[in-house]
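# What the coordinates show
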Amino acid sequence: MTLQQTTEDTVRGLGFELVELERSAGGLLRVTIDFPWSPGDLADRLITVEDCERVTRQLQYVLEVEGVDYARLEVSSPGIDRPLRHALDFERFEGELVDVALKAPIGQAAAGQVHANRKKFRGTLHKAEGEQWQIVWRDEPAPAKPGQRVSAKRPPAPEQALTFSLDELQSARLAPVVDFKGRKSAPSGAKED
């Protein structure tokens, strides 16, 4: 049995899903876990430290029995920039902001709208027809330099879309959006206290 299969079976047996298995130089074995998801699940459960400890203990035992050579085992949650690998991941995070990298540049399909050598995109993930997915984004202009005047009447950048299949992807991840201020801005027209 392969290391991937052994790890996946162990993680699944504990009620989790294996998101990623990475073997690094120096003998580090990094395992990323999450709760399984199926269409119709409303709330996302978050992986806790206790979940990681439970999986670590079980994996240490199984890997010793299997004779797997490693120096250090690290089990963690997928974090805010979770990789998207399977069709179910894309379905789960439809409507979210994602970073997508294609295997090959967009080329002539860009039709002059974006640079033909472009491979990376950040935008909102949507389901397209069949097995296809779509990412929708706006290429906003660079921020104004200090002292530079910017017209308030400047129209927003046009919305663009790219349709792709999972076979065309090199990688895809959730794009983290972090609000360090800890509070949301008040809706327009609402009074602040």
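Residues numbered from 1 in each chain as written. Predicted model: local features only at pLDDT ≥ 70, side-chain atom pairs only at ≥ 80, totals over all residues. Heavy atoms only, no water.

## Side note on the confidence of the model for the chain
Overall, the prediction assigns the chain a mean pLDDT of 85, with 88% of residues at 70 or greater. Between residues 186–193, whose pLDDT stays under 50, and residues either more than four places distant or in other chains, the model counts 2 contacts. (pLDDT = per-residue confidence, 0-100. Contact = heavy atoms within 4.5 Å.)

## Quick notes on the nonpolar core
Ranked by internal contacts, the top residues of the largest apolar core, which has 18 residues, are Leu84, Phe90, Val100, Ile135 and Phe164. Aside from chain neighbours lying at most four places away, what touches Leu84 is Asp89, Phe90, Phe93, Val98, Leu125, Ala172, Arg173 and Leu174. Counting residues in each nonpolar core, the second largest holds 15 residues, with Leu29, Val31, Val55 and Leu59 among its members. (Core = buried A, V, L, I, M, F, W, Y, C linked by side-chain atoms within 4.5 Å. Buried < 20%, exposed > 50% of the residue type's maximum accessible area, 1.4 Å probe, protein only.)

## Looking at the side chain of Ser165
Here Ser165 lies in the loop between strand S7 (159–164) and strand S8 (169–174). We classify Ser165 as buried; its relative accessible area is 16%. When sequence neighbours within four positions are dropped, the list of residues in contact with Ser165 reads Glu131 and Gln132. (Helix = DSSP H or I, 4+ residues; strand = E, 2+ residues; numbered from the N terminus.)

## Looking at helix H2 (residues 49–66)
For H2, with 18 residues, the first-to-last C-alpha span of 25 Å sits near the 26 Å given by 1.5 Å per residue. Among the residues of H2, Asp51, Cys52, Val55, Thr56, Leu59, Val62 and Leu63 are the ones counted as buried. Each buried residue of H2 lies within a common arc of 145° when the element is viewed along its axis, so the set occupies one face. Seen from the open side of H2, the exposed residues pointing more than 90 degrees away from its buried face are Glu50, Arg57, Tyr61, Glu64 and Val65. On the buried face of H2, the contacting elements are helix H1 (3–13), strand S2 (28–34) and strand S3 (72–76). Following H2 by one or two positions, Gly67 adopts a phi angle in the positive range, close to 75°. (Expected span 1.5 Å × (residues − 1). Arc of directions from axis to C-beta.)

## Regarding the sheet that holds S3
One open sheet holds the 3 strands; their spatial order is S1-S2-S3, and the pairing between them is mixed. Two strands close off the open sheet at either side, each with one partner strand: strand S1 (17–23) and S3. For this sheet, the mean inter-axis angle between neighbouring strands, taken without regard to orientation, is 15°. In this sheet, S2 lies alongside S1 in antiparallel orientation, the contact comprising 6 bridges. Paired with Glu17 across the bridge in S2 is Asp34. Lying over the sheet, H1 contacts S1 and S2, oriented at roughly 145° with respect to S1. (Pairing = 2+ DSSP bridges. Axes fitted to C-alpha atoms, helices over the stretch in contact; angles between N-to-C directions.)

## A word on the packing of aromatic side chains
Going through the model one piece at a time under the given rule, you end up with 4 aromatic pairs. Note on Phe16 and Phe35: the rings are 5.2 Å apart at their centroids and 45° apart in plane angle, and the pair reads as tilted. With a gap of 19 residues between them, Phe16 in the loop between H1 and S1 and Phe35 in the loop between S2 and H2 connect regions that are remote in the sequence. In terms of burial, Phe16 and Phe35 fall into one category: buried. Taken together, a centroid distance of 6.5 Å and an interplanar angle of 65° make the contact between Phe90 and Phe164 edge-to-face. With a gap of 74 residues between them, Phe90 in helix H3 (residues 87–92) and Phe164 in strand S7 connect regions that are remote in the sequence. (Phe/Tyr/Trp six-rings, centres within 6.5 Å; stacked < 30°, edge-to-face > 60°.)

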